[in-house]
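Listed here are the chains, written in short residue letters.
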Amino acid sequence: MSSGDTSEQSRRVSVLSWDQVQRLDSILGESVPIHGRGNFPTLSVQPRQIVQVVRARLEEQGVVVRDVKLNGSAASHVLNQDNGLGYKDLDLIFGLSLTDDRTFRLVKDVVLDCLVDFLPEGVCRERITALALKEAYVQKLVKVCNDTDRWSLISLSNNTGKNVELKFVDSLRRQFEFSVDSFQITLDSLLLFDRCSETAMSETFHPTVQGESMYGDFEEALGHLRSRTIATRSPEEIRGGGLLKYCHLRVRGFRPSCEVLIKQMQRYMCSRFFIDFPDIGEQQRKLEGYLQNHFAGMEHKRYEYLITLRRVVDESTVCLMGHERRQTLGLISALALRVMAEQNAIPALANITCYYQPAPYVRDVNFSNYYVAQVQSPMTACRNTYQTWLPCS
């Protein structure tokens, strides 16, 4: 490795402080409920437990796990507790070799088999099949296998949106969207300490834990997290969900590092969103899923989020025809109307769009001075679907 490569690698990596190690240990030891569908009971799982069990079972099957890392908002929370984001999902990355379809299936089977270990006492485990466990406890199952990306994701259900997400990665070209969510913390040393040390951790006796920023410069990315700054590299590589994350950051008080560059980045993100989600039904499912998963306990922020998203789409969409643009904007407006109705209050914002519902007596046949508009559902209003993106020149 050349001196330049060594210098670049050293900028990407940093050793966690004692306070950060304590927060990491607390997150790994927190009991997270995995809610079962139907009659299946709720499982109580500590992240450190499921990591240890899954890793041991994989290695029993001959699959070598290179390392295990904490990723995403939980890693950002460990590094800076007062970042304004908090954390929902627990993203755990297992580095391993996914050589063929058999290995993909083996990983899935191992995870489902491990769930049996967390079933409460008294449950007849012999009669529970892998298919039943998948239907009961897995919220999302993803497999990606192409020239640049080889990985799979198993997301375990949590009714409050705090999902335990197990990601098994051979290769992944783009591992972050913005600098503030680019952190990965290697857990191996802490997990080894759990197994081998009989002495409790202290400020003078604890394992060395390293964090890495996939953005490329750890201290710069940490500075962005502390100052609530939005920055990224190669925005054209960000997938469609990056638009939703960007608007989420704006609502949480994060601001762009450069107002000029952010306009170009918004155009990239809007174009990619419509490439990845070309159908209006897909767009609605994506938006509703994002609201449910990322605003649990913060429902009052949903309206502001949708208005922010609508403004960005209106200002920065350059790859849609007129009727397609109006279709998507109409969908976002309808969702905002629904959110406002659910809140039963008008948000305290400087500029808002107000929707008025007529009083009951307006519907009286003898009261004819008003026209009562029939409000359609988002999907009814957007029933006609079209190809929703064109190549950008």
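Rules behind the numbers
- Residues numbered from 1 in each chain as written.
- Predicted model: local features only at pLDDT ≥ 70, side-chain atom pairs only at ≥ 80, totals over all residues.
- Heavy atoms only, no water.
- Helix = DSSP H or I, 4+ residues; strand = E, 2+ residues; numbered from the N terminus.
- Buried < 20%, exposed > 50% of the residue type's maximum accessible area, 1.4 Å probe, protein only.
- Contact = heavy atoms within 4.5 Å.
- Areas by Shrake-Rupley, 256 points an atom, 1.4 Å probe, with all protein chains shown as cover.
- Expected span 1.5 Å × (residues − 1).
- Axes fitted to C-alpha atoms, helices over the stretch in contact; angles between N-to-C directions.
- Left-handed = near helix turned anticlockwise from the far one by under 90°.
- Nonpolar A, V, L, I, M, F, W, Y, C, P; charged D, E, K, R; others polar.
- Salt bridge = Lys/Arg side-chain N within 4 Å of Asp/Glu carboxyl O.
- Phe/Tyr/Trp six-rings, centres within 6.5 Å; stacked < 30°, edge-to-face > 60°.
- Lys NZ or Arg CZ within 6 Å of the ring centre and 35° of its normal.
- Pairing = 2+ DSSP bridges.
- pLDDT = per-residue confidence, 0-100.

Some details on the overall build of the chain
Part 1 of the reasoning: For the chain, the helix and strand inventory stands at 14 helices and 12 strands.
Part 2 of the reasoning: The buried share of the chain, taken over its 393 residues, is 47%.
Part 3 of the reasoning: Put simply, of all contacts in the chain between residues at least 6 apart along the chain, 70% involve residues at least 24 apart.
Part 4 of the reasoning: Taken as a whole, the chain presents about 20,200 Å² of accessible surface, with 48% of it coming from carbon and sulfur.

Concerning helix α11 (residues 280-294)
Part 1 of the reasoning: Between its first and last C-alpha atoms α11 spans 21 Å; for 15 residues at 1.5 Å apiece the expected length is 21 Å, and the two agree.
Part 2 of the reasoning: Within α11, burial applies to Ile280, Gly281, Gln283, Gln284, Leu287, Tyr290 and Leu291.

Describing the packing of α11 against helix α12 (residues 302-316)
Part 1 of the reasoning: For the pair α11 and α12, the least separation of the axes is 11 Å and the interaxial angle reads 140°. In the packing of α11 onto α12, the handedness of the crossing is right-handed. Contact residues: α11 offers Leu287, Tyr290, Leu291 and Gln292, while α12 offers Arg302, Tyr305, Leu306 and Leu309.
Part 2 of the reasoning: For the contact of α11 with α12, the per-class residue count stands at 6 nonpolar, 1 polar and 1 charged.

Points about the pattern of salt bridges
Part 1 of the reasoning: Applying the stated criterion to the full structure yields 19 salt bridges.
Part 2 of the reasoning: For Arg48, the salt bridge is made with Asp25, and the minimal N-O distance between the two is 2.7 Å. Residue Arg48 is found in helix α3 (residues 47-60), and its partner Asp25 is found in helix α2 (residues 18-29); the two are separated by 23 residues along the sequence.
Part 3 of the reasoning: For Arg48, a relative accessible area of 14% gives the class buried.

Focus on the packing of aromatic side chains
Two measures describe an aromatic ring pair: the distance that separates the ring centres and the angle between the ring planes.
Part 1 of the reasoning: One pass over the full model with this rule turns up 10 aromatic pairs.
Part 2 of the reasoning: Consider the rings of Phe176 and Tyr215, whose centres lie 6.2 Å apart with planes at 85°: the pair is edge-to-face. With Phe176 in the loop between β8 (164-171) and β9 (183-186) and Tyr215 in the loop between β10 (210-213) and α8 (218-227), this pair connects stretches of sequence that are 39 residues apart.
Part 3 of the reasoning: For the pair Phe273 and Phe274, a centre-to-centre distance of 5.4 Å together with 80° between the ring planes defines the contact as edge-to-face.
Part 4 of the reasoning: Look at Phe273 and you get buried, because its relative accessible area is 4%.
Part 5 of the reasoning: Directly above the ring of Phe104 sits Lys143, whose terminal nitrogen or CZ lies 4.9 Å from the centroid.
Part 6 of the reasoning: Here the guanidinium or amino end of Arg233 rests over the ring plane of Tyr215, the centre of that ring lying 4.1 Å away.

Here's the deal with the sheet that holds strand β4 (residues 67-71)
Part 1 of the reasoning: Taking strand neighbours across the sheet as the criterion, the 8 strands line up as β1-β10-β9-β4-β5-β8-β7-β6 in an open arrangement whose pairing is mixed. Whereas interior strands pair on both sides, the edge strands pair on one side only; in this sheet they are β1 (13-15) and β6 (138-145). Sheet twist, expressed as the average angle between the axes of neighbouring strands with direction ignored, equals 20°.
Part 2 of the reasoning: Pairing analysis gives 7 bridges linking strand β7 (residues 150-156) to β8, with the strands arranged antiparallel. Across the sheet, Ser155 pairs through a bridge with Glu165, a residue of β8.

Here we look at the environment of Gln210
Part 1 of the reasoning: Looking at where Gln210 falls in the secondary structure, it is placed in strand β10.
Part 2 of the reasoning: Classification of Gln210 by relative accessible area gives partly exposed; the value is 41%.
Part 3 of the reasoning: For the pair formed by Gln210 and Val15, sequence separation is 195 residues and the distance between their alpha carbons is 4.5 Å.
Part 4 of the reasoning: With near-sequence residues (within four places) excluded, Gln210 lies in contact with Val13, Ser14, Val15, Leu16, Gln184, Ile185 and Thr186.

Overview of the pairing of β10
Part 1 of the reasoning: Pairing between β1 and β10: 3 bridges, direction antiparallel. From the neighbouring strand, Val15 faces β10, where its bridge partner is Gln210.
Part 2 of the reasoning: Note that β9 and β10 share 3 bridges and pair antiparallel. Note that in β10 the partner of Gln184 across the bridge is Glu212.

Some points on the confidence of the model for the chain
Part 1 of the reasoning: In the predicted model, the chain carries a mean pLDDT of 86, and the fraction of residues at 70 or more is 86%.
Part 2 of the reasoning: Ranking the elements of the chain by mean pLDDT puts helix α14 (residues 378-381) last, at 51, and β9 first, at 98.
Part 3 of the reasoning: Here residues 365-376 scores under 50 on pLDDT; set against residues more than four positions off or in separate chains, the count is 9 contacts.
Part 4 of the reasoning: Every residue in residues 383-393 is under pLDDT 50, and counting partners more than four places away or in other chains gives 28 contacts.

Side note on unusual backbone geometry
Part 1 of the reasoning: Unusually for a residue other than glycine, Arg228 sits at a positive phi of about 55°.
Part 2 of the reasoning: Mapping Arg228 onto the fold places it in the loop between α8 and β11 (229-230).
Part 3 of the reasoning: With a relative accessible area of 30%, Arg228 lands in the partly exposed category.
Part 4 of the reasoning: Of note in this structure, Ser234 is not a glycine but carries a positive phi near 45°.
Part 5 of the reasoning: Within the fold, Ser234 resides in the loop between β11 and α9 (241-251).
Part 6 of the reasoning: Classification of Ser234 as partly exposed rests on a relative accessible area of 32%.

Quick notes on the environment of Lys88
Part 1 of the reasoning: By secondary structure assignment, the location of Lys88 is in the loop between α4 (72-79) and β5 (90-95).
Part 2 of the reasoning: As a C-alpha pair, Lys88 and Ala296 span 208 residues in sequence and 9.0 Å in three-dimensional space.
Part 3 of the reasoning: Apart from the residues lying within four places of it in its own chain, the contact partners of Lys88 are Ser73, Thr160, Gly161, Lys162, Asn163, Asn293 and Ala296.

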